[in-house]
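# An overview of the molecular structure
Letter by letter, the chains look like this.
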Amino acid sequence: SDHPTKSDAKKLHDKGLNDAAVTQMKTKVNFMFNKAKGAIAKDASKRSDILRVLDNDINEKRSVYVEILPYYDDYVDYLMKNF
């Protein structure tokens with residue numbers, strides 16, 4: 001356990017966090033993005049409205065994930081770049 005490299009799970013555990021919290025967050029964020037993608041696919045003319053709602057949802061969820069905020073922000077940034 002003195003090995004210089006630590007897995008992500010070990011890093012999270014050291015901070016009092018766990019993989020389950022990050023996994024749950026990713027599942028919920030994926031759901032928000034997939035819902036927005038589906039809505040845009042149904043009616044592309046509403047893209048800007050849908051993206052505005054998605055942005056609001058993302059910002060509201062930040063307070064829920066304050067304990068893992070860096071992971072949340074990184075994951076949201078990743079998904080936004082690939083949207």
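The following paragraphs examine the structure supplied in this document. Keep in mind that this is a model prediction, so the values were computed, not measured.

Per the secondary structure count, the chain includes four helices and zero strands. Mapped from its N terminus to its C terminus, the chain presents α and β elements in the order α-α-α-α. Out of the 83 residues in the chain, the part that is buried amounts to 22%. Taking as baseline every contact in the chain between residues at least 6 positions apart, the subset at least 24 positions apart corresponds to 62%. Summed over all atoms, the accessible surface of the chain reaches about 6,200 Å², with 52% contributed by carbon and sulfur.

Here the focus is the layout of surface pockets. Taken as a whole, the largest pocket spans an internal volume of roughly 170 Å³. When contributions to the lining of the largest pocket are tallied by element, the ones reaching two or more residues are helix H2 (19–42) and helix H3 (47–62). Partitioned by chemical class, the residues of the lining of the largest pocket number seven nonpolar, no polar and two charged.

Moving on, we get to the packing of H2 against H3. Put simply, H2 and H3 touch, their axes get as near as 10 Å, and they point 170 degrees apart. Of the possible angle classes, the one that applies to H2 and H3 is roughly antiparallel. Across from Met32, Phe33, Ala36, Ala39 and Ile40 in H2, the residues of H3 making contact are Arg47, Ile50, Leu51, Leu54, Asp57, Ile58 and Lys61.

Once that is clear, we can look at the packing of H3 against helix H4 (residues 69–81). Relative orientation of the contacting elements H3 and H4 amounts to 165 degrees, with a least axis distance of 11 Å. As far as their axial angle goes, H4 and H3 are roughly antiparallel. The way H3 lies across H4 gives a crossing that is right-handed. Across the interface between the two elements, Asp57, Ile58, Lys61 and Arg62 of H3 pack against Leu69, Tyr72, Asp73, Val76 and Met80 of H4. The residue makeup of the contact of H3 with H4, split by class, is five nonpolar, no polar and four charged.

Glancing now at the nonpolar core. Ranked by size, the top nonpolar core spans 16 residues in total, and within it Met25, Val29, Phe33, Ile58 and Tyr72 carry the most contacts. Residue assignment for this core shows that the elements contributing at least two residues are H2, H3 and H4. Broken down by element, this core gets its largest block of residues, seven residues, from H2.

Definitions and limits used
- Residues numbered from 1 in each chain as written.
- Predicted model: local features only at pLDDT ≥ 70, side-chain atom pairs only at ≥ 80, totals over all residues.
- Heavy atoms only, no water.
- Helix = DSSP H or I, 4+ residues; strand = E, 2+ residues; numbered from the N terminus.
- Buried < 20%, exposed > 50% of the residue type's maximum accessible area, 1.4 Å probe, protein only.
- Contact = heavy atoms within 4.5 Å.
- Areas by Shrake-Rupley, 256 points an atom, 1.4 Å probe, with all protein chains shown as cover.
- 1 Å grid on protein atoms, 1.4 Å probe; cavity = no way out; pocket = protein on both sides within 12 Å on 5 of 7 lines; lining within 4 Å.
- Points joined across faces, edges and corners; volume = space filled by probe spheres on them.
- Nonpolar A, V, L, I, M, F, W, Y, C, P; charged D, E, K, R; others polar.
- Axes fitted to C-alpha atoms, helices over the stretch in contact; angles between N-to-C directions.
- Parallel < 35°, antiparallel > 145°, perpendicular 65-115°, else oblique.
- Left-handed = near helix turned anticlockwise from the far one by under 90°.
- Core = buried A, V, L, I, M, F, W, Y, C linked by side-chain atoms within 4.5 Å.

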